[in-house]
Amino acid sequence: MFLVTLVSDVIQLLTLLIVVRALLTWIPSVDYGHPLIRLIIRVTDPILEPVRRLLPPLGGFDLSPIVAILLLQLVGELLVRLLLAAVPGV
């Protein structure tokens, strides 16, 4: 069960970081050199960049965070189901 909880928590954390990163784009005075902001970008880039390559901005709107969150939730749910199926008696 620890692994199920860990997977679920990691998916939730990544989702939160993607939401924070999307909200930061609305703030014009964000210091992208700040270590915390750089960490958020470094963690979320591997998730967002492949989605951006497949889904370019539409009408000036970057929909990649929404698509990435949906994909993360789907992958997380699949992983949790697989892990639960692998544990006998659950």
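Residues numbered from 1 in each chain as written. Predicted model: local features only at pLDDT ≥ 70, side-chain atom pairs only at ≥ 80, totals over all residues. Heavy atoms only, no water.

Engineer: Just to check I follow, could you spell out the overall build of the protein chain for this structure?
Structural biologist: A tally of helices and strands in the protein chain yields three helices and zero strands. Over its C-alpha atoms the protein chain spans a radius of gyration of 16 Å, topping by over 25% the 12 Å that the globule rule assigns to 90 residues. Dimensions along the principal axes, computed over C-alpha positions, put the protein chain at roughly 55 × 30 × 15 Å. Per-residue burial for the protein chain yields a buried fraction of 24% across its 90 residues. Taking as baseline every contact in the protein chain between residues at least 6 positions apart, the subset at least 24 positions apart corresponds to 55%. For the protein chain, the exposed area adds up to about 6500 Å²; of that, 74% sits on carbon and sulfur atoms. Once the 6 positive and 6 negative side-chain charges of the protein chain are each reduced to a mean point, those two points are 4 Å apart. (Helix = DSSP H or I, 4+ residues; strand = E, 2+ residues; numbered from the N terminus. Rg over C-alpha atoms; globule rule 2.2 N^0.38 Å. Buried < 20%, exposed > 50% of the residue type's maximum accessible area, 1.4 Å probe, protein only. Contact = heavy atoms within 4.5 Å. Areas by Shrake-Rupley, 256 points an atom, 1.4 Å probe, with all protein chains shown as cover. Lys, Arg positive; Asp, Glu negative; His and termini not counted. Charge placed at Lys NZ, Arg CZ, Asp CG, Glu CD.)

Engineer: Explanation requested: the nonpolar core in the structure shown.
Structural biologist: What tends to happen in soluble globular proteins is that the nonpolar side chains get buried as a cluster. Ranked by size, the top nonpolar core spans 11 residues in total: Val4, Val7, Ile11, Leu14, Ile18, Leu48, Val51, Ala68, Ile69, Leu72 and Val80. When contributions to this core are tallied by element, the ones reaching two or more residues are helix H1 (2–24), helix H2 (35–54) and helix H3 (64–86). At five residues, the largest contribution of residues to this core is made by H1. Among residues more than four places away in sequence, those in contact with alanine 68 are Ile18, Ile47, Leu48 and Val51. (Core = buried A, V, L, I, M, F, W, Y, C linked by side-chain atoms within 4.5 Å.)

Engineer: Hey, could you run me through the packing of H1 against H2 in this one?
Structural biologist: The relative placement of two packed helices is expressed as an angle between their axes plus a distance between the axes. Look at H1 against H2: their axes get within 9 Å of each other, and the N-to-C directions meet at 95°. As judged from the angle between their axes, H1 and H2 are roughly perpendicular. Counted together, Leu14, Leu17, Ile18, Val20, Arg21 and Leu24 of H1 and Ile37, Ile40, Ile41, Val43, Thr44, Asp45, Ile47, Leu48 and Arg52 of H2 form the full contact between these two elements. Looking at side-chain class alone, the contact of H1 with H2 contains 11 nonpolar, one polar and three charged residues. (Axes fitted to C-alpha atoms, helices over the stretch in contact; angles between N-to-C directions. Parallel < 35°, antiparallel > 145°, perpendicular 65-115°, else oblique. Nonpolar A, V, L, I, M, F, W, Y, C, P; charged D, E, K, R; others polar.)

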